[in-house]
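# Examination of the molecular architecture
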Amino acid sequence: MSANKKLKLGVLASGGGTNLQSIIDQCREQKIDAEIVLVLSNNPDAGALERAAKAGIPSVCVNHRDYADRQSFDQAVIRTLQEAGVDLVVLAGFMRLISEVFIAAFPQRIVNIHPALLPAFPGLHVQKKALEYGARFAGCTVHFVDTGVDTGPIIIQAVVPILDNDTEETLSARILEQEHKIYPQAIQLIAEGRVKVEGRRVHIEAASNNEEALINPSL
Ligand code: GAR
């Protein structure tokens, strides 16, 4: 993106909005060459709406309970995002499934953060599932959204070791810390025009790859 045309973000969040906050902060610190033009929540009590108000960012609640079905709810969300001139839809703890109509309206312009190392543990309560499974590593993933659940092409991941004394809470907190780093980074890569999707694989121009293997417990 050129200096005078910032990427316009529409952030969708259903809950507390700590990921939203990390994006607000990094936009403000000019670490992301983007601006949030709208925060949208399906939940009138979402902390994310308060965070938006505090930051002076336009926000709106589109309550799914006011709509007969997912299609009509999605249509209302699409309209609202289009009216705000959103370039990139950022799902940040948005706990509604996205219909095909929504994806068609923003082709390869919807991203999501998921608190697991996809393709392992899609869906809900995934930190608990990774812990109970006995995995040695958990993590988080930013990916493009396609018609499946947590199946779209992967942009960036962070790996978080699972510790012997971890609980769902401690593990979730350590994963969340990494979410707050990789989500702004993914948005910045997109804003810089460095992200190209080639089939399932995402190519990132001039990426500095991490070549080190991770072993847990360590050798
Ligand atoms: C985050 O952990 C995010 O990865 C997860 O919800 C949390 C929202 O936290 N998203 C999903 O599970 C999506 N399936 P936040 O409201 O503090 O950003």
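The structure reproduced in this document is the subject of the present report. For clarity, every value in this text was computed on a predicted model and none was experimentally measured.

## Quick word on the overall build of the chain
When its secondary structure is counted, the chain shows six helices and nine strands. Taken against the 2.2 N^0.38 rule, which gives 17 Å for 219 residues, the C-alpha radius of gyration of the chain at 17 Å falls within 12% of a compact globule. Structurally, the chain occupies a C-alpha span of about 55 × 40 × 35 Å along its principal axes. The long-range fraction of contacts in the chain, counting pairs at least 24 apart against all pairs at least 6 apart in sequence, stands at 63%. For the chain, the computed accessible surface area is about 11600 Å², with 50% contributed by carbon and sulfur atoms. Charged side chains in the chain number 21 positive and 26 negative. The centres of these two groups are separated by 2 Å.

## Notes on the site of the ligand
Near the ligand the following residues occur: Gly 15, Gly 16, Gly 17, Thr 18, Asn 19, Gly 93, Met 95, Ile 113, His 114, Pro 115, Leu 176 and Glu 179. When the ligand sits alone it has 450 Å² of accessible area, and the protein chains cover 84% of it. When contributions to the shell around the ligand are tallied by element, the ones reaching two or more residues are α1 (18–28), β5 (110–114) and α6 (168–191). Of the residues contributing to the shell around the ligand, the split by class is four nonpolar, seven polar and one charged.

## Details of the nonpolar core
Ranked by size, the top nonpolar core spans 45 residues in total, and within it Leu 9, Ile 23, Ile 36, Val 90, Ile 155 and Tyr 183 carry the most contacts. In terms of residue count, α6 provides more of this core than any other element does, nine residues in total. Once residues lying within four places of it in the same chain are set aside, the contact partners of Val 90 are Leu 9, Gly 10, Val 11, Leu 12, Ile 23, Val 111, Tyr 183 and Ile 187. Membership of the second largest hydrophobic core comes to 20 residues, among which are Leu 38, Ile 78, Val 89 and Phe 94.

## Structural notes on helix α3 (residues 70–83)
Structurally, the α-helix is built with 3.6 residues per turn, so residues lying three or four positions apart point the same way. Compared with the 20 Å implied by 1.5 Å per residue over 14 residues, the 20 Å span of α3 between its first and last C-alpha is a close match. Buried within α3 we find Phe 73, Asp 74, Ala 76, Val 77, Ile 78 and Leu 81. For α3, the elements touching its buried residues are β1 (7–12), β2 (34–41), β4 (88–91) and α4 (100–105). One or two positions beyond α3, positive phi appears at Gly 85, with a value near 75°.

Reading the values: the criteria
- Residues numbered from 1 in each chain as written.
- Predicted model: local features only at pLDDT ≥ 70, side-chain atom pairs only at ≥ 80, totals over all residues.
- Heavy atoms only, no water.
- Helix = DSSP H or I, 4+ residues; strand = E, 2+ residues; numbered from the N terminus.
- Rg over C-alpha atoms; globule rule 2.2 N^0.38 Å.
- Contact = heavy atoms within 4.5 Å.
- Areas by Shrake-Rupley, 256 points an atom, 1.4 Å probe, with all protein chains shown as cover.
- Lys, Arg positive; Asp, Glu negative; His and termini not counted.
- Charge placed at Lys NZ, Arg CZ, Asp CG, Glu CD.
- Near = heavy atom within 4 Å.
- Nonpolar A, V, L, I, M, F, W, Y, C, P; charged D, E, K, R; others polar.
- Core = buried A, V, L, I, M, F, W, Y, C linked by side-chain atoms within 4.5 Å.
- Buried < 20%, exposed > 50% of the residue type's maximum accessible area, 1.4 Å probe, protein only.
- Expected span 1.5 Å × (residues − 1).

None of this, on its own, says anything about what the molecule does.
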